[in-house]
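# Structural features, examined
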Amino acid sequence: MTNTFNDTILKAFRGEKTAYTPVWYMRQAGRSQPEYRKLKEKYSLFEITHQPELCAYVTRLPVENYGVDAAILYKDIMSPLPAIGVDVEIQKGIGPVIHNPIRNRSDVEKLGTIDPESDVPYVLETIRLLTKEQLNVPLIGFSGAPFTLASYMIEGGPSKNYHKTKSMMYSSPDAWFLLMEKLADMVISYVNAQVAAGAQAIQIFDSWVGNLNAEDYRVFIKPVMTRIFSELKELNVPLIQFGVGARHLTAEWADLPCDVIGLDWRLSIPEARELGITKPLQGNLDPALLLSDWNVIEERTKRIIDEGRNHPPHIFNLGHGVTPDISPDTLKRLTNLIHNYSKSN
Ligand SMILES: O=C(O)CCc1c2[nH]c(c1CC(=O)O)Cc1[nH]c(c(CC(=O)O)c1CCC(=O)O)Cc1[nH]c(c(CC(=O)O)c1CCC(=O)O)Cc1[nH]c(c(CCC(=O)O)c1CC(=O)O)C2
């Protein structure tokens, strides 16, 4: 491990004031970095994540290259699903493809449970390597949330309208709620194991839940999210809730038993405060902005830092993941700007 451990981001996640605004970027590992691109010519995502040394290297790249305040484990939200019987493959140009999609209650009943130590030992070994030996910033572990995972499992892959998913939710509520509970069991075991191995904070990606209206969220999703966060609270690590296009769910998230709310770029920090969020906020520069001129990036970044200055703290991030066309040089420059501007003003 190099020099002293910097726990600034953990303090901000817990609601403590920090000397500067800490930052990490969703999908910061891999993506546009040349070292990663070279590896991807040889290995797939699953091949990298099954090799702890290699996976730890990819996870470390943005800490070393950009100077961010946390690492996030390189793997996908699909990574634990094979353990419960989901036949998933990540196909180039498409994304996750499920060869045995779930269509009815009997398919849900067939899903198994995860035993992380025997099903995903390589994930835990990567975490141990990183946290015991290699990192001088915290490691964020993560899981997909039940709705977002179910959307892939039911649709068979990425979707634009989630018709099959919603159809199961509305027409077969017994199958739906069983699926939610089975996925919650998986998320809880998987996250417990990540924390036991050394992960110091956890983000739950409910990326696609904004496709539901607030009433359906309350009926079909909020109970399972409340259960997940309540059980994970006992782990005593900061828990981050994240979703995209979910302005209409902000008030529902305000009282979830999590510690931090991740915002996409559609809702500003002051707007989220007006909607009742009193927890620390994470976000929310539009990733598309990182393809524009530096003076535009600088102006928008400073504005977000200024909006986030008041207590409770703000953790800088993008409104969603880094895209492969964003230059590593821009991310390095952005990280420096965030650190320097938030310190000096
Ligand atoms: O990369 C894409 O987004 C396209 C394919 C896709 C993947 N998972 C998926 C999608 C979206 C979809 O199709 O619905 C599905 C996926 N993966 C993930 C999310 C959550 C989210 O970002 O909102 C989602 C759903 C929402 C979303 O697509 O943004 C999470 C994810 N994937 C991944 C990571 C790890 C990382 O980037 O370091 C992480 C999370 C941690 C983090 O934020 O850092 C990694 C990942 N997943 C994937 C890839 C491409 C692999 C390949 O081409 O061989 C890669 C690696 C890469 O981008 O270079 C596959």
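Given the structure is predicted, the values throughout are model-derived calculations rather than measurements. (Residues numbered from 1 in each chain as written. Predicted model: local features only at pLDDT ≥ 70, side-chain atom pairs only at ≥ 80, totals over all residues. Heavy atoms only, no water.)

### Topic: the site of the ligand
As a reminder, the rule being used: Each residue is tested against the molecule or strand, and it is near if at least one of its non-hydrogen atoms lies within 4 Å. Here a polar contact means two N or O atoms within 3.5 Å. Within protein one must be a hydrogen donor candidate and the other an acceptor candidate, and residues neighboring in sequence count only if both atoms are side-chain atoms. The Shrake-Rupley method, run with a 1.4 Å probe sphere, supplies the accessible areas, and residue values consider only the shown protein chains as cover. All amino acids are sorted into three groups, where Ala, Val, Leu, Ile, Met, Phe, Trp, Tyr, Cys and Pro are nonpolar, Asp, Glu, Lys and Arg are charged, and the leftover types, Gly among them, are polar.
Taken together, 25 residues lie around the ligand, and Arg31, Tyr36, Asp76, Tyr152 and Ser207 are the ones closest in. Serine 207 places a side-chain nitrogen or oxygen 2.5 Å from an oxygen atom of the ligand. Isolated, the ligand exposes 940 Å² of accessible area, and the fraction of that covered by the protein chains is 85%. Each residue belonging to the shell around the ligand can be placed in one class, and the counts come to 16 nonpolar, four polar and five charged.

### A look at the UniProt feature "site: Transition state stabilizer" (unreviewed entry) in the protein
For clarity, the cut-off: UniProt positions are given in the numbering used here, feature names are shortened, and annotations may be inferred rather than shown by experiment. A run of DSSP states H or I qualifies as a helix once it reaches four residues; a run of E qualifies as a strand once it reaches two. Both are numbered from the N-terminal end. Only protein chains enter the accessibility calculation, which uses a 1.4 Å probe; a residue is then buried when its area is under 20% of its type maximum, exposed when over 50%, and partly exposed in between. Contact definition: two residues touch when any of their heavy atoms are within 4.5 Å.
Summarizing the sequence annotation, UniProt attributes the feature "site: Transition state stabilizer" (unreviewed entry) to Asp76 in the numbering used throughout. The topology assignment puts aspartate 76 in the loop between strand E1 (71–72) and strand E2 (88–91). Given a relative accessible area of 13%, aspartate 76 falls into the buried group. When near neighbours in sequence (up to four residues on either side) are disregarded, aspartate 76 contacts Leu45, Ile90, Pro96 and Phe142. Separated by 3.0 Å, the side chain of aspartate 76 and the backbone nitrogen of methionine 78 make a polar contact.

### Some words on the environment of leucine 275
Here leucine 275 lies in the loop between helix H13 (269–274) and strand E8 (281–285). In this structure, the C-alpha to C-alpha distance between leucine 275 and tyrosine 66, residues 209 residues apart in sequence, is 33 Å. Discounting chain neighbours no more than four positions away, the residues touching leucine 275 are Arg247, Thr250, Ala251 and Leu267.

### Some points on the side chain of threonine 330
By the secondary structure assignment, threonine 330 is in helix H15 (residues 328–344). Excluding anything up to four places from it in sequence, threonine 330 contacts Leu290, Trp294 and Ile297.

### Overview of the nonpolar core
What counts here: By nonpolar core we mean a set of buried residues, namely Ala, Val, Leu, Ile, Met, Phe, Trp, Tyr and Cys, connected to one another through side-chain atoms within 4.5 Å.
Core analysis: the largest hydrophobic core is formed by 113 residues, its most contacted members being Phe13, Tyr25, Met153, Trp176, Leu179, Ile221 and Met225. Considering every element that reaches this core, the biggest residue donor is helix H10 (residues 173–197), with 14 residues. The next biggest cluster of nonpolar side chains, apart from the first, holds 10 residues, and it includes Leu45, Leu54, Cys55 and Leu61.

### What to know about the pairing of E8
Inclusion rule: Any two strands with at least two DSSP bridges between them are considered paired. Crossovers are marked right-handed if the path from the first strand over the helix to the second runs clockwise, as seen with the strands pointing away from the viewer.
The buried fraction of E8 amounts to five of the five residues, a majority that puts the element mostly inside the structure. In the sheet, strand E7 (residues 260–262) pairs with E8 via two bridges, with the strands oriented parallel. Within the sheet, the bridge partner assigned to isoleucine 261 lies in E8 and is leucine 281. Once you follow E7 into H13 and on to E8, the crossover reads as right-handed. Handedness of the E8-helix H14 (residues 294–307)-strand E9 (residues 314–318) crossover: right-handed.

### Observations concerning the UniProt feature "binding site: substrate" (unreviewed entry) in the protein
As annotated in UniProt, the feature "binding site: substrate" (unreviewed entry) corresponds to Arg27, Gln28, Ala29, Gly30, Arg31, Phe46, Asp76, Tyr152, Ser207 and His320 in the numbering used here. Sequence-wise these annotated residues cover 294 residues; spatially they are dispersed, their C-alpha atoms as much as 22.6 Å apart. With respect to the element layout, arginine 27 can be found in the loop between helix H1 (8–13) and helix H2 (34–40). Beyond its immediate sequence surroundings of up to four residues, histidine 320 is in contact with Met26, Ser207, Trp208, Phe242, Val244, Trp265 and Pro287.

### What to know about the sheet that holds strand E5 (residues 201–205)
Reading across the sheet, the seven strands line up as E1-E4-E5-E6-E7-E8-E9 and stay open at both edges, with parallel pairing between neighbours. In this open sheet, the two strands that pair with only one neighbour each are E1 and E9.

### Examining H14
Short version of the rule: By this rule the span expected of a helix is its residue count minus one, scaled by 1.5 Å. Here, the arc refers to the directions that run from the helix axis to the C-beta atoms.
Under the 1.5 Å per step criterion, the end-to-end length of H14 is 20 Å for 14 residues, consistent within 8% with the ideal 20 Å. All buried positions along H14 are accounted for by Trp294, Ile297, Thr301, Ile304 and Ile305. Along the axis of H14, the buried residues cluster in a sector spanning 100°; they form a single face. Those residues of H14 that are buried lie in contact with H13, E8, E9 and H15.

### Focus on the packing of helix H8 (residues 146–155) against H10
Here is the rule: What counts as an axis is a line fitted to C-alpha atoms, over the stretch in contact for a helix, and the angles between N-to-C directions run from 0 to 180 degrees. For a crossing to be left-handed, the near helix must be turned anticlockwise from the far one by less than a right angle; the clockwise case is right-handed.
Orientation of H8 relative to H10, taken along the N-to-C sense of each, is 115°, at an axis distance of 10 Å. The interaxial crossing formed by H8 with H10 has right-handed handedness. Across the interface between the two elements, Pro146, Phe147, Leu149, Ala150, Met153 and Ile154 from H8 touch Trp176, Leu179, Met180, Leu183, Ala184, Met186 and Val187 from H10. Taken together, the residues of the contact of H8 with H10 sort by class into 13 nonpolar, no polar and no charged.

### A look at the pattern of salt bridges
Put simply, the rule reads: Salt bridge, as used here: a side-chain nitrogen of Lys or Arg that lies within 4 Å of a carboxyl oxygen of Asp or Glu.
If you walk through the whole model with that rule in mind, you get 20 salt bridges. Close ionic contact of arginine 128 with glutamate 117 constitutes a salt bridge, the shortest N to O distance being 3.3 Å. Here arginine 128, found in helix H7 (residues 121–134), pairs with glutamate 117, found in helix H6 (residues 116–119); they are 11 residues apart in sequence, far enough to count as distant. Residue aspartate 259 pairs with lysine 233 through a salt bridge whose shortest N-O separation is 3.2 Å. One end of the pair, aspartate 259, is in the loop between helix H12 (250–254) and E7; the other, lysine 233, is in helix H11 (residues 214–233), with 26 residues separating them in the sequence. The exposure class assigned to aspartate 259 is partly exposed, which follows from its relative accessible area of 23%. For lysine 233, a relative accessible area of 36% corresponds to the partly exposed category.

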